[in-house]
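One letter stands for each residue in the lines below.
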Amino acid sequence: MMQRQFRTALLAMATVFGAAGMVQAQDTLTAPQVRAQLEAQGFTNVHDVKFDNGMWEADATSADGKRTELRLDPRTGTVYPDTAVSQLSEADVRAKLSTAGYSNVHDVKFDDGMWKADGKSPNGRNVEVRLDPTNGDVIAEKRD
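Definitions and cut-offs
- Residues numbered from 1 in each chain as written.
- Predicted model: local features only at pLDDT ≥ 70, side-chain atom pairs only at ≥ 80, totals over all residues.
- Heavy atoms only, no water.
- Core = buried A, V, L, I, M, F, W, Y, C linked by side-chain atoms within 4.5 Å.
- Buried < 20%, exposed > 50% of the residue type's maximum accessible area, 1.4 Å probe, protein only.
- Helix = DSSP H or I, 4+ residues; strand = E, 2+ residues; numbered from the N terminus.
- Contact = heavy atoms within 4.5 Å.
- Pairing = 2+ DSSP bridges.
- Axes fitted to C-alpha atoms, helices over the stretch in contact; angles between N-to-C directions.
- Salt bridge = Lys/Arg side-chain N within 4 Å of Asp/Glu carboxyl O.

Q: When you look at the nonpolar core in this model, what are you seeing that I'm missing?
A: The nonpolar side chains of a soluble globular protein tend to be buried, and buried together. Membership of the largest hydrophobic core is limited to 12 residues, which are L29, V34, L38, F43, V46, V49, W56, A58, A60, L70, L72 and V79. The set of elements that each furnish at least two residues to this core consists of helix 2 (31–40), strand 1 (44–52), strand 2 (55–61) and strand 3 (67–72). Of the residues forming this core, the biggest block, 3 residues, is contributed by strand 2. Setting aside residues no more than four positions away along its own chain, A58 makes contact with L38, V46, H47, D48, V49, T68, E69 and L70. With 10 residues, the next largest nonpolar core counts V93, V105, A117 and V127 among its residues.

Q: Just to check I follow, could you spell out the sheet that holds strand 8 (residues 138–143) for this structure?
A: Neighbouring strands of a sheet are bound in pairs by backbone hydrogen bonds; such pairs are parallel or else antiparallel. The strand order across the open sheet formed by 4 strands is 5-6-7-8, and the pairing between neighbours is antiparallel. On the outer flanks of this sheet lie strand 5 (103–111) and strand 8, each paired with one strand and no other. Between one strand and the next, the sheet's axes are offset by a mean angle of 20°, whatever the strand orientation. By the bridge criterion, 5 bridges tie strand 5 to strand 6 (residues 114–120) in an arrangement that is antiparallel. Residue F110 lies in a different strand from strand 6, and its bridge partner there is W115. Here helix 3 (residues 90–99) sits on the sheet and contacts strand 5, strand 6, strand 7 (126–131) and strand 8; the angle it forms with strand 5, its principal contact strand, is near 140°.

Q: Could you clarify how one ought to interpret the pattern of salt bridges in this entry?
A: Where charged atoms from two side chains of opposite charge approach closely, those side chains can pair. Inspection of every chain in the model, using the stated rule, returns 7 salt bridges. One salt bridge in this structure joins R71 and E69, with 3.9 Å as the shortest N-O distance. Since its relative accessible area comes to 36%, E69 is described here as partly exposed. Ionic pairing is found between K96 and D137, a salt bridge with its closest N-O pair at 3.2 Å. With K96 in helix 3 and D137 in the loop between strand 7 and strand 8, this residue pair connects regions lying 41 residues apart in the sequence.

This is the structure in C-alpha cells:
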C-alpha cells in the first residue's frame, strides 16, 4: 500500500514538472518560426539557425545583400544584427543590471551587436547575460 502511494506521488510530480517544462517550451520560438520571421523581415538565405547561450542565432543575407549574423530574443523574436550600435554605455549597463538585482557584475562588453556581462543573478547563481543594446533589458541568461 505504501509503495503504491509513493509511486502515485512520483507520477503526480513528474506530470506537474513535465507540464511546467511544456509551458516554458511553448513560450519560446521554434527554429521554423525564427526562419519565417527573418524571411518576413526581408532576410534571405537564412541558414545555421540554432539555439545557443539562451538566444536564437542565424546567418542570413540582409535586404542590401550583405551577409550578417543575427541573434533573436527567444520570446519576442526581436532581431539583433551583429552590426547593431548601442545606445548605452558600459556604466548604463552596469546600473541596469544592479537595479535588476544582479551583483558582482564583471566582464561587461559590447560584442556582435549585444551587451554581454558576467555576474550573480538575483537568486545568487553565476550567470552570463545578454542585454538589449537600446534599453539594457536582459534578453538571455546562461548559467556558468
